[in-house]
Amino acid sequence: MDHNSYKTLNANKATVEKSWVVIDANAQVLGRVASQVAHIIRGKHKPSYTPNVDCGDNVIVINAEKVRMTGKKWTDRVIFTHSGYPGGQREHTPTMIRMKHPERLIEHAVRGMLPKNRLGRELYRSLHVYAGTEHPHAAQQPKEIKF
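Anyway, here's the lowdown on the structure attached to this text. Nothing here was measured: the structure is a model prediction, and the numbers come from that model.

1. Notes on the overall build of the chain
So, step 1. A tally of regular secondary structure across the chain gives five helices and six strands.
So, step 2. For the chain, the α and β elements follow one another from N to C terminus as β-α-β-α-β-β-α-α-α-β-β.
So, step 3. If you line up the chain on its principal axes, its C-alpha atoms span 65 × 35 × 30 Å.
So, step 4. Of all 147 residues assigned to the chain, the portion counted as buried reaches 37%.
So, step 5. Put simply, of all contacts in the chain between residues at least 6 apart along the chain, 67% involve residues at least 24 apart.
So, step 6. Per element, the accessible surface of the chain, about 9800 Å² overall, is 51% carbon and sulfur.
So, step 7. Looking at the chain, you have 23 positive and 13 negative side-chain charges, and the mean spots of the two groups are 6 Å apart.

In structure tokens:
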């Protein structure tokens, strides 16, 4: 006889329902937006959250070029990249990155908040960042989320 009045449901790839969400990063602090985006991509806002399954939503971030940073982080923070060749390490400040590829600031921040394994790489594919207000995902009918 089963004495539990409930069953623990574990989601799997077949039972997960992924939806599309739009987040406007205009005048938002970078880390706070990235934290919310990582939370949604991971699926922690859903009651069917399962840690080892991609059960999060697809997230579209617009206005990435208008994101804020507090303090002197625009000039004092250093982000390192490596080309893969000997001596290929480069230093970049957020100001330098923002001039060339403003969407990479949010991508870098969110990627650091996801798991560092196969699941994290799969989850990262659910992130779509655009510098302006336009995005090519209108056919998915994304819902807008305000923070």
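2. Brief notes about the environment of Ile23
So, step 1. With respect to the element layout, Ile23 can be found in strand 1 (residues 20-24).
So, step 2. Along the sequence, Ile23 and Ile60 sit 37 residues apart, while their C-alpha atoms lie 6.1 Å from each other.
So, step 3. Residues in contact with Ile23, not counting those within four places in the same chain, are Val37, Ile40, Val59, Ile60, Val61, Ile62, Ile145 and Phe147.

3. Observations regarding the sheet that holds strand 1
So, step 1. The strand order across the open sheet built from four strands is 5-2-1-6, with neighbouring strands paired in parallel fashion. With one partner strand each, in any of the chains shown, strand 5 (127-129) and strand 6 (143-145) form the two edges of the open sheet. Neighbour-to-neighbour, the strand axes of the sheet open up by a mean angle of 25°, direction not taken into account.
So, step 2. Where strand 1 meets strand 2 (residues 58-62), five bridges bridge the pair, whose relative direction is parallel. Residue pairing in the sheet places Val22 in a bridge with Ile60 of strand 2.
So, step 3. Contacts between helix 1 (residues 30-42) and the sheet are confined to strand 1, strand 2, strand 5 and strand 6, with strand 2 contributing the most and set at about 160° to the helix.
So, step 4. Seen against the sheet, helix 4 (residues 103-112) touches strand 2 and strand 5 and runs at an angle of roughly 155° to strand 5.

4. Concerning helix 1
For the α-helix, the turn length of 3.6 residues means that residues three or four positions removed from each other point alike.
So, step 1. Helix length check: helix 1 (13 residues) gives 18 Å between terminal C-alpha atoms against 18 Å at 1.5 Å per residue, within 8%.
So, step 2. Taken together, the buried positions of helix 1 are occupied by Leu30, Val33, Ala34, Val37, Ala38, Ile40, Ile41 and Arg42.
So, step 3. Close packing links the buried residues of helix 1 with strand 1, strand 2, helix 4, helix 5 (118-124), strand 5 and strand 6.
So, step 4. Gly43 sits one or two positions beyond helix 1 and adopts a positive phi of about 95°.

5. Brief notes about unusual backbone geometry
So, step 1. Backbone geometry places Ala27, a non-glycine residue, at a positive phi of 60°.
So, step 2. Relative accessible area serves as the criterion here: at 46%, Ala27 is assigned to the partly exposed category.

6. Describing the pairing of strand 4 (residues 89-92)
So, step 1. Relative to strand 4, strand 3 (residues 79-82) is paired through four bridges, and the arrangement is antiparallel. Considered in strand 4, the bridge of His82 is made with Gln89.
So, step 2. What sits between strand 3 and strand 4 in their antiparallel hairpin is a turn of six residues, with Gly84 showing a positive phi close to 100°.

7. Remarks on the nonpolar core
So, step 1. Judged by nonpolar contacts, the single largest core of 28 residues is most densely connected at Val37, Ile41, Val61, Ile106, Val110 and Leu127.
So, step 2. Breaking this core down by element, the ones donating at least two residues are strand 1, helix 1, strand 2, helix 4, helix 5 and strand 5.
So, step 3. No other element matches helix 1, which puts seven residues into this core.
So, step 4. Beyond its immediate chain neighbours, meaning those up to four positions away, Val110 contacts Ala34, Val37, Ala38, Ile41 and Leu127.

Calculation criteria
Residues numbered from 1 in each chain as written. Predicted model: local features only at pLDDT ≥ 70, side-chain atom pairs only at ≥ 80, totals over all residues. Heavy atoms only, no water. Helix = DSSP H or I, 4+ residues; strand = E, 2+ residues; numbered from the N terminus. Buried < 20%, exposed > 50% of the residue type's maximum accessible area, 1.4 Å probe, protein only. Contact = heavy atoms within 4.5 Å. Areas by Shrake-Rupley, 256 points an atom, 1.4 Å probe, with all protein chains shown as cover. Lys, Arg positive; Asp, Glu negative; His and termini not counted. Charge placed at Lys NZ, Arg CZ, Asp CG, Glu CD. Pairing = 2+ DSSP bridges. Axes fitted to C-alpha atoms, helices over the stretch in contact; angles between N-to-C directions. Expected span 1.5 Å × (residues − 1). Core = buried A, V, L, I, M, F, W, Y, C linked by side-chain atoms within 4.5 Å.

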